[in-house]
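# Structural overview
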Amino acid sequence: ALDANIKKLVLASLVCSLLCSVRYAGISFLLAGVTIVFFQPNIHWLKKIKHGLIFVFIAASLAACNVLRNRFVSGTLTGVRQEALRSIWENIHDTATVISYWLPTTNTISIIILVFVVLLSIIVIIYSFLKETIIERVLAVFFLCYIGFILVIASVSRFETLSNRLLIPAFFPFFLLWYHIICIGIASSKKMVRWCTITLFSISYIITIYHQYQQNKISWEGIAYAGIPGYAEDMWTRSAILAHIRKNPISKTSVIYSNANDALYYRTKRNAKALPHKDIKREINSY
């Protein structure tokens, strides 16, 4: 029978394997998990290696199967990837823009805040070993792994500009790490420190909530007017091309090409082959 620790490790590994198979960004969870395993205090290094191998083997299993399947089906491991157009500094700037969406700050201040939270995460990890606090360590490790992963991969492989959609996994640890510092201030034995912490927290909380209310107000006004952004939005559901497809149903024997197979399938339940990328000559020649 497996001991309790191994059972918990296997359960965490299974959850991570699902994350890795749904989104390749789940690799950051794998990195965080391995880091946490190897930095566990009071555990022999041989046991850490054993636990680390178990975690990696299970957590990477579904993603590995998917990658192998991709290789046999399409000839690529993760689809056609191109070199990034944006440097790591530009991606840091984009990350700061997202933080400015979360907080009422400018881009310059957001970069300073990002650097501060990275340093704070490192301090929290070191502090967690001294006080043996696990939750804060997990939050800090995951924040560093996710931010590090997304900045590196966005600077190597080309995809959309870093946005709130891509950085949202860092949202909760970002704020919970701030909350951790606030708790330390409120728990201080010095009355002045406690009151200053409570005052600053209250003011910043009210300002931040108002800022996010304004941001969400704009989003909800758009949703009320035109529907949820995406293929459920009026712009698509009432588009001329979709009206044409409904009026002239596509034959089941026809071969369809589209640069948005998901959009076509969402409304017609028909699959389409991908159009070639304009910058990839091999795909154009094949087409």
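As a reminder, the structure under discussion sits directly above these lines.
In this report, the structure presented in the accompanying data block is examined. (Residues numbered from 1 in each chain as written. Predicted model: local features only at pLDDT ≥ 70, side-chain atom pairs only at ≥ 80, totals over all residues. Heavy atoms only, no water.)

## A closer look at the overall build of the protein
The number of helices and strands found in the protein is 14 helices and 2 strands. The C-alpha atoms of the protein give a radius of gyration of 24 Å, which is well past the 19 Å a tight globule of 287 residues would have. For the protein, the spread of C-alpha atoms along the three principal axes comes to 75 × 50 × 35 Å. By residue count, 31% of the 287 residues in the protein fall in the buried class. In the protein, of all internal contacts separated by at least 6 residues, the share reaching a separation of at least 24 is 57%. When the accessible surface of the protein is summed, it comes to about 19,000 Å², and 68% of that surface belongs to carbon and sulfur atoms. Averaged over its 29 positive side-chain charges, the protein has a centre that lies 7 Å from the centre of its 13 negative ones. (Helix = DSSP H or I, 4+ residues; strand = E, 2+ residues; numbered from the N terminus. Rg over C-alpha atoms; globule rule 2.2 N^0.38 Å. Buried < 20%, exposed > 50% of the residue type's maximum accessible area, 1.4 Å probe, protein only. Contact = heavy atoms within 4.5 Å. Areas by Shrake-Rupley, 256 points an atom, 1.4 Å probe, with all protein chains shown as cover. Lys, Arg positive; Asp, Glu negative; His and termini not counted. Charge placed at Lys NZ, Arg CZ, Asp CG, Glu CD.)

## Quick notes on the packing of aromatic side chains
Each aromatic ring pair is summarised here by two numbers: the centre-to-centre distance and the angle between the ring planes. Evaluated as defined, the whole model comprises 12 aromatic pairs. Ring geometry for W102 and F175: centres 6.4 Å apart, planes at 50°, overall tilted. Of this pair, W102 sits in helix α5 (residues 88-102) while F175 is found in helix α9 (residues 171-186), placing the two residues 73 residues apart along the sequence. Accessibility expressed as a relative area gives 5% for W102, which makes it buried. Using a relative accessible area of 24% as the deciding quantity, one classes F175 as partly exposed. When the ring of F171 is compared with that of F172, the centres are 5.5 Å apart and the planes differ by 85°; the resulting orientation is edge-to-face. (Phe/Tyr/Trp six-rings, centres within 6.5 Å; stacked < 30°, edge-to-face > 60°.)

## Topic: a nonpolar patch on the surface
A contiguous nonpolar surface patch, about 630 Å² in accessible area, is contributed by F38, F39, W45, L46, I49 and L53. When residues in the nonpolar patch are grouped by element, the largest group, 4 residues, is from helix α3 (residues 45-59). With respect to the helices and strands, the residue W45 is situated in helix α3. (Patch = residues over 30% accessible without salt bridge, like charges linked within 9 Å, V, L, I, M, F, W, Y side chains within 5 Å. Salt bridge = Lys/Arg side-chain N within 4 Å of Asp/Glu carboxyl O.)

## Concerning the nonpolar core
The biggest cluster of nonpolar side chains holds 30 residues, and the ones touching the most others in it are W102, F143, L162, L167, F174 and L177. Taken together, the elements giving at least two residues each to this core come down to α2 (27-38), α5, α6 (107-131), α7 (134-156), α8 (164-167) and α9. With 11 residues, α7 is the largest single contributor of residues to this core. With sequence-adjacent residues up to four places away left out, W102 is seen in contact with N164, L167, A170, F171, F174, F175, T208, H211 and Q212. Judged by nonpolar contacts, the second largest core, of 9 residues, contains C16, V34, F55 and A63. (Core = buried A, V, L, I, M, F, W, Y, C linked by side-chain atoms within 4.5 Å.)

## Quick word on the pattern of salt bridges
Per the stated rule, a full pass over the model turns up 2 salt bridges. We note a salt bridge from D94 to R86, for which the minimum N-O separation is 2.9 Å. Judged by relative accessible area, R86 falls into the partly exposed class, the value being 33%. The salt bridge partner of E160 is R165, with a shortest N-O separation of 2.4 Å. Taking relative accessible area as the criterion, E160 reaches 39% and is therefore assigned partly exposed.

## Some details on α3
Its 15 residues place the ends of α3 21 Å apart at the C-alpha level, agreeing with the 21 Å of an ideal helix rising 1.5 Å per residue. Within α3 the residues assigned to the buried category are K48, H51, G52, F55, I58 and A59. Buried residues of α3, viewed axially, fall in a sector of 140°; they line one side. Every exposed residue of α3 that faces more than 90 degrees away from the buried side is listed here: L53 and F57. (Expected span 1.5 Å × (residues − 1). Arc of directions from axis to C-beta.)

## Some details on the side chain of S17
By the secondary structure assignment, S17 is in helix α1 (residues 4-22). In this structure, S17 is in contact with I58, A59, S61 and L62, ignoring residues within four places of it in sequence.

## Regarding the packing of α6 against α7
Following both chains from N to C, one finds α6 and α7 inclined at 140°, their axes separated by 8 Å at the closest point. Our classification of the angle between α6 and α7 gives oblique. Read as a crossing pair, α6 and α7 show a hand that is left-handed. The segment α6 lies against α7, with L114, V117, V118, S121, I122, V124, I125, S128 and F129 engaging E136, R137, A140, V141, F143 and L144. Here the contact of α6 with α7 is built from residues that sort into 11 nonpolar, 2 polar and 2 charged. (Axes fitted to C-alpha atoms, helices over the stretch in contact; angles between N-to-C directions. Parallel < 35°, antiparallel > 145°, perpendicular 65-115°, else oblique. Left-handed = near helix turned anticlockwise from the far one by under 90°. Nonpolar A, V, L, I, M, F, W, Y, C, P; charged D, E, K, R; others polar.)

## What about α6?
Taking 1.5 Å per residue as the helical rise, α6 with its 25 residues ought to reach 36 Å, and the 35 Å between its terminal C-alpha atoms agrees with that figure. Along α6, the positions that sit buried rather than exposed are S110, I111, I113, L114, V117, L120, S121, V124, I125 and S128. Tucked inside the fold, the buried residues of α6 contact α5, α7 and α9.

## Some words on the packing of α9 against helix α10 (residues 191-226)
Describing two packed helices takes the angle between their axes plus the distance from one axis to the other. Packing of α9 against α10 leaves a shortest axis separation of 8 Å and a crossing angle of 155°. Looking at the two axes, α9 sits roughly antiparallel to α10. Contacts between α9 and α10 pair F171, F175, I182, G185 and I186 from the former with V193, R194, T197, I198, F201 and Q212 from the latter. Looking at the contact of α9 with α10, its residues break down into 7 nonpolar, 3 polar and 1 charged.

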